[in-house]
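# Observations on chain architecture
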Amino acid sequence: MARAFLIGALFSLIIGFVSPYTVMAIQPMGMSADFIAAGALFLLFFLVGIINPILKLLKIPFNQKELILIYSMMIAASAVPCWGFMLNVIPITTGLYYFATPENEWSELIHPYIKDFLAPQDKKAVTAFFEGADSRSEMAWKPWITPFISWFVFMMALYVVMVCMMIIMRKQWVRNEKLTFPLTILPLEMTGRSFFKERLMWIGFFIPFTILSLNALHNYFPVVPQFNIWKWFDLYQGSTYIIVNLSYSILGFSYFVNLDVSLSLWLFHLLSRLETVLFSVFNFTIPGGAPVQCGSSPMTTHQGMGAMIALVIFVLWMARRHLGSIFRGQGRDSEGSYVMAFMGIISGTLFLGFWLWASGLPSFAVPLFLFGAFVVFLGLTRIVAEGGVGFVRAQCIPQPFVVFGIGSKVLGTQGLVALGLTYTWVSDVRSIVMTSVLQGFKMADSINLDGKKIVRGTFIAVFLAFVVSYITIIQTGYSIGGLNAQKEWFFRSLPVVTAQEITTKLQQPVGSETIIPRWIFTGIGAGFMSLLIFMRYRFLWFPVHYLGFPINDTWILANAWFSIFLGWLIKLVTLRWGGLRTYRDMRPFFLGLVLGNITCAGMWLIIDAITGMKGNVVPIGVY
């Protein structure tokens with residue numbers, strides 16, 4: 001396994017460099033933006049389809065266990081460089097200074113409360129990062145060292161807690177409940193023996209590969225026609241919207257999701273749009289407005305958090321016997337001692353709490369915030385594991401949950417600034433290490449691979465991806481200027497939105513008239529989710545799963561629901577008219593759709609890098 005660790009480390013370095021660089025310099029969408037980990041799948045395709053055949057001729061090919069270990073390391077690395085953390089933390093901690101003006105008064109309202117160890121304090125370095133450095137003397141690296149160490153220690157503690165939680169929950173979710181883990185099907189099939197011999201797979205592969213390649217060629221030669229299906233429809237005077245978007249990768253994965261789960265995903269999204277329309281018709285709202293990076297209204301936002309809390313409580317209740325056996329000392333799993341895992345969770349969580357307190361968050365708010373953060377992490381991990389939704393995020397993030405839960409006055413200016421800086425690691429959560437390591441455990445269990453190797457590989461991968469992506473982002477900023485990045489969200493909108501969230505709460509404090517309605521809708525969400533769970537497990541005939549409700553009103557699901565609907569409809573018709581055998585026979589076709597989509601995106605990314613083309617996006621799932 002030594003060479004597998006070595007190749008996994010090499011590919012983790014590649015992901016740590018390529019993912020942020022391409023987002024900044026070539027295309028606005030990254031190959032490691034979401035739980036699908038498209039960059040990892042593309043590199044696995046390269047390894048299995050090109051490198052391994054050469055190694056077979058030399059009689060030293062990688063076996064399936066080695067390939068899965070390498071892939072597990074790559075998906076862990078994918079959770080770090082972009083949306084997972086790094087492309088949030090650097091723009092936010094520097095943008096709060098760069099975009100400060102006399103008019104917005106951030107230098108008086110925010111800057112005095114940012115601890116020195118959280119952000120670079122050299123104004124020239126920050127300016128050179130956003131505008132580009134004219135000379136080597138402007139490429140100062142010293143101001144970045146202290147923030148790097150601070151955030152590195154914090155995030156590694158967070159990753160320890162995440163991995164330890166999954167060590168404890170692995171047996172329950174993988175073996176006892178036997179969750180489907182649709183995102184693991186493609187890598188397991190790719191590393192098998194006959195995947196590339198399937199004719200249906202290649203038919204499915206070349207459909208998105210051809211269509212998306214024509215769309216990419218259109219940007220080089222406008223005479224080439226485009227075939228995009230992406231339409232926006234406003235509903236009821238613009239109160240909300242419906243997006244019709246065809247994504248081949250989402251369609252492909254949806255074929256492997258249980259019918260009741262995929263029905264839940266698209267149905268609850270449409271119901272959330274109906275709910276928003278009804279709120280608008282009756283002119284109903286609650287004070288405070290809709291938080292950023294959450295649902296489309298404050299009502300659905302807090303419903304989502306209530307539903308997520310109910311989901312996490314439910315999955316822990318389902319695991320009560322498993323957890324009880326652990327507490328009784330009846331357990332040592334393949335990943336290691338449960339006792340050590342619990343010690344990792346407790347010590348890691350205590351350190352996270354201390355770090356947050358040191359950053360300025362009041363001690364009384366730390367437990368509530370960490371509770372909200374881990375509700376989001378555990379809830380999303382469960383949804384991805386059971387629903388196979390490679391593109392998903394939380395409907396309500398912990399920051400508004402805390403602010404609207406206890407009020408802004410009790411947090412104070414220092415607390416609000418510290419809370420704003422947590423947007424770096426738990427806001428637009430579209431990829432997390434917790435989910436990556438759980439998928440690694442599932443694949444290891446399927447092929448009898450020692451889970452300890454997944455744990456070791458995970459920490460090697462995230463360490464390398466962390467260091468390389470940090471250096472890459474700073475160097476690229478100095479070279480081209482962060483303001484010129486292809487994905488403007490990170491280097492323009494994100495730091496501004498974060499600062500506005502802080503200053504708005506300072507200037508318009510959140511009081512009881514805002515807090516009470518939010519808790520009411522949180523309770524409504526928790527109550528309705530509990531009812532769905534009860535109906536689901538009490539009555540076998542109840543057709544709607546609960547999994548789609550906590551995420552029904554998000555931008556991600558708004559883009560994904562139509563493709564999920566098509567996948568659900570095709571699977572329903574296939575099972576009804578063709579039976580289980582036909583369903584199984586069609587599996588390679590839908591895996592081909594996913595692989596063709598991802599391979600096309602990776603190929604054109606390489607072509608664009610060679611030719612210098614910018615913004616030539618081959619969509620993988622969600623724009």
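Here's a quick rundown of the structure. Predicted, not measured: the structure shown is a model, and the values here were computed from it. (Residues numbered from 1 in each chain as written. Predicted model: local features only at pLDDT ≥ 70, side-chain atom pairs only at ≥ 80, totals over all residues. Heavy atoms only, no water.)

## Things to note about the overall build of the protein chain
When helices and strands are counted, the protein chain shows 22 helices and four strands. In summary, the protein chain has a C-alpha radius of gyration of 24 Å against a globular reference of 25 Å for 623 residues, a match within 12%. Referenced to the eigenvectors of the C-alpha coordinate spread, the extents of the protein chain come out at roughly 65 × 65 × 60 Å. Residues classed as buried in the protein chain amount to 62% of the 623 residues present. A fraction of 83% describes how many contacts in the protein chain between residues 6 or more apart in sequence connect residues 24 or more apart. Summed over all atoms, the accessible surface of the protein chain reaches about 24000 Å², with 65% contributed by carbon and sulfur. (Helix = DSSP H or I, 4+ residues; strand = E, 2+ residues; numbered from the N terminus. Rg over C-alpha atoms; globule rule 2.2 N^0.38 Å. Buried < 20%, exposed > 50% of the residue type's maximum accessible area, 1.4 Å probe, protein only. Contact = heavy atoms within 4.5 Å. Areas by Shrake-Rupley, 256 points an atom, 1.4 Å probe, with all protein chains shown as cover.)

## Focus on the nonpolar core
Counting 222 residues, the largest nonpolar core has Met-166, Phe-377 and Trp-425 as the members making the most contacts within it. Ignoring anything within four residues of it in the chain, the contact list for Phe-377 reads Leu-158, Met-162, Trp-425, Val-426, Val-429, Ile-432 and Met-434. (Core = buried A, V, L, I, M, F, W, Y, C linked by side-chain atoms within 4.5 Å.)

## A look at the side chain of Ser-12
Positionally, Ser-12 belongs in helix α1 (residues 2–25). Looking at Ser-12, its side chain comes within polar contact range of the main-chain oxygen of Gly-8, at 2.8 Å. Beyond its immediate chain neighbours, meaning those up to four positions away, Ser-12 contacts Met-73, Met-74, Ala-77, Ala-461 and Ala-465. (Polar contact = N/O pair within 3.5 Å; in protein donor to acceptor, adjacent residues only side chain to side chain.)

## Here's the deal with unusual backbone geometry
The phi dihedral of Glu-105 is positive, around 60°, even though this residue is not glycine. Relative to the elements of secondary structure, Glu-105 occurs in the loop between α4 (86–98) and α5 (106–109). On the basis of relative accessibility, which here comes to 39%, the residue Glu-105 falls in the partly exposed class.

## With respect to a nonpolar patch on the surface
Taken together, the side chains of Tyr-236, Leu-271, Leu-274, Leu-278, Val-281, Phe-282 and Phe-284 make up a nonpolar region of the molecular surface, amounting to roughly 670 Å² of accessible area. Tracing the backbone through its elements, the reader meets Tyr-236 in the loop between β1 (230–235) and β2 (240–245). (Patch = residues over 30% accessible without salt bridge, like charges linked within 9 Å, V, L, I, M, F, W, Y side chains within 5 Å. Salt bridge = Lys/Arg side-chain N within 4 Å of Asp/Glu carboxyl O.)

## Remarks on helix α19 (residues 451–480)
Given a rise of 1.5 Å per residue, 30 residues ought to cover 44 Å, and the 42 Å separating the end C-alpha atoms of α19 matches this to within 8%. Phi for Gly-481, located one or two positions after α19, is positive at around 85°. (Expected span 1.5 Å × (residues − 1).)

## Brief notes about the packing of aromatic side chains
Given two aromatic rings, their pairing is described by the distance between the two centres and the angle made by the two planes. Under the definition given, this model contains 63 aromatic pairs. The interplanar angle of 80° and the centroid separation of 5.0 Å between the aromatic rings of Trp-266 and Phe-565 together place this pair among those described as edge-to-face. Residue Trp-266 is located in helix α11 (residues 259–281), and its partner Phe-565 is located in helix α22 (residues 555–611); the two are separated by 299 residues in the primary sequence. Of the residues examined, Phe-565 reaches a relative accessible area of 22% and is grouped as partly exposed. Above the face of the Trp-317 ring, Arg-320 is positioned so that its terminal group lies 4.1 Å from the ring centre. (Phe/Tyr/Trp six-rings, centres within 6.5 Å; stacked < 30°, edge-to-face > 60°. Lys NZ or Arg CZ within 6 Å of the ring centre and 35° of its normal.)

## A look at α4
Counted at 1.5 Å a residue, the expected span for α4 with its 13 residues is 18 Å, and the 18 Å between its end C-alpha atoms agrees. The sharpest bend along α4 measures roughly 25° and falls at Ile-92. Taken across its 13 residues, α4 has twelve buried, putting it largely inside the fold. Within the span of α4, buried status applies to Met-86, Leu-87, Asn-88, Val-89, Ile-90, Pro-91, Ile-92, Thr-93, Thr-94, Gly-95, Leu-96 and Tyr-97. (Bend = angle between axes of the 7 residues up to and from the residue.)

## Quick look at the side chain of Lys-571
Within the secondary structure, Lys-571 sits in helix α22. Nearest to the buried, unbridged Lys-571 among oppositely charged side chains is Asp-260, at 7.7 Å. There is a polar contact of 3.5 Å between the side chain of Lys-571 and the backbone oxygen of Tyr-255. Sequence-distant contacts of Lys-571, defined by excluding residues within four places in its chain, comprise Tyr-255, Phe-256, Val-257, Asn-258, Leu-259 and Tyr-583. (Lys, Arg positive; Asp, Glu negative; His and termini not counted.)

## What to know about the pairing of β2
The two faces of the sheet receive side chains in turn, since in a regular strand these alternate between them. Within β2, six of the six residues are buried, which leaves the element mostly enclosed by the surrounding structure. Side chains Thr-240, Ile-242 and Val-244 of β2 all project onto a buried face; the interleaved residues Tyr-241, Ile-243 and Asn-245 project onto the opposite face, where all are buried too. One ladder, built from six bridges, connects β1 with β2; its direction is antiparallel. From the neighbouring strand, Leu-235 faces β2, where its bridge partner is Thr-240. Hairpin connection from β1 to β2: four residues lie between these consecutive antiparallel strands, with Tyr-236 at a positive phi of about 40°. (Pairing = 2+ DSSP bridges.)

## Thoughts on the pattern of salt bridges
Going through the model one piece at a time under the given rule, you end up with twelve salt bridges. As a salt-bridge pair, Arg-175 and Asp-445 come within 2.8 Å of each other at their nearest N and O atoms. Of this pair, Arg-175 sits in helix α7 (residues 145–176) while Asp-445 sits in helix α18 (residues 433–447), and the two are 270 residues apart along the sequence. By relative accessible area, which is 24% here, Asp-445 ends up partly exposed. The partner of Glu-501 in a salt bridge is Lys-505, with the nearest N and O atoms 3.7 Å apart.

## Here we look at the environment of Asp-608
Relative to the elements of secondary structure, Asp-608 occurs in helix α22. Sequence-wise, Asp-608 and Ser-530 are 78 residues apart; in three dimensions their C-alpha atoms are separated by 49 Å. Those residues within four positions of Asp-608 in sequence are excluded, and the remaining contacts are Ile-26, Gln-27, Tyr-220, Met-613 and Asn-616. For Asp-608, the side chain forms a polar contact with the side chain of Asn-616, separated by 3.2 Å.

## Things to note about the packing of α7 against helix α13 (residues 320–327)
It is at 10 Å that the axes of α7 and α13 come closest, and there the two elements cross at 140°. One finds that α7 runs oblique with respect to α13. With respect to the hand of their crossing, α7 and α13 are arranged in right-handed fashion. Judged by residue contacts, Ile-168, Met-169, Lys-171, Gln-172 and Asn-176 of α7 engage His-322, Leu-323 and Ile-326 from α13. (Axes fitted to C-alpha atoms, helices over the stretch in contact; angles between N-to-C directions. Parallel < 35°, antiparallel > 145°, perpendicular 65-115°, else oblique. Left-handed = near helix turned anticlockwise from the far one by under 90°.)

## Brief notes about the packing of helix α15 (residues 366–387) against helix α16 (residues 398–406)
The description of two helices packed together rests on the angle between their axes and the distance between the axes. Viewed as axis vectors pointing N to C, α15 and α16 meet at an angle of 140°, and their least axial separation amounts to 9 Å. Relative to α16, the element α15 lies oblique. The handedness of the crossing between α15 and α16 comes out as right-handed. Each of Leu-368, Phe-369, Phe-371, Gly-372, Ala-373 and Val-376 in α15 lies in contact with α16, whose residues at this interface are Pro-398, Gln-399, Phe-401, Val-402 and Ile-406. Residue composition of the contact of α15 with α16, grouped by class: nine nonpolar, two polar and no charged. (Nonpolar A, V, L, I, M, F, W, Y, C, P; charged D, E, K, R; others polar.)

## Side note on the state of the cysteines
In protein structure, a disulfide is the covalent linkage between the sulfur atoms of two cysteines. Taken as a whole and assessed by the stated rule, the structure comprises zero disulfides. In this model Cys-82 remains outside any disulfide bridge; the closest cysteine sulfur is found in Cys-600, 19 Å from its own. With a relative accessible area of 0%, Cys-82 lands in the buried category. (Disulfide = S-S within 2.5 Å.)

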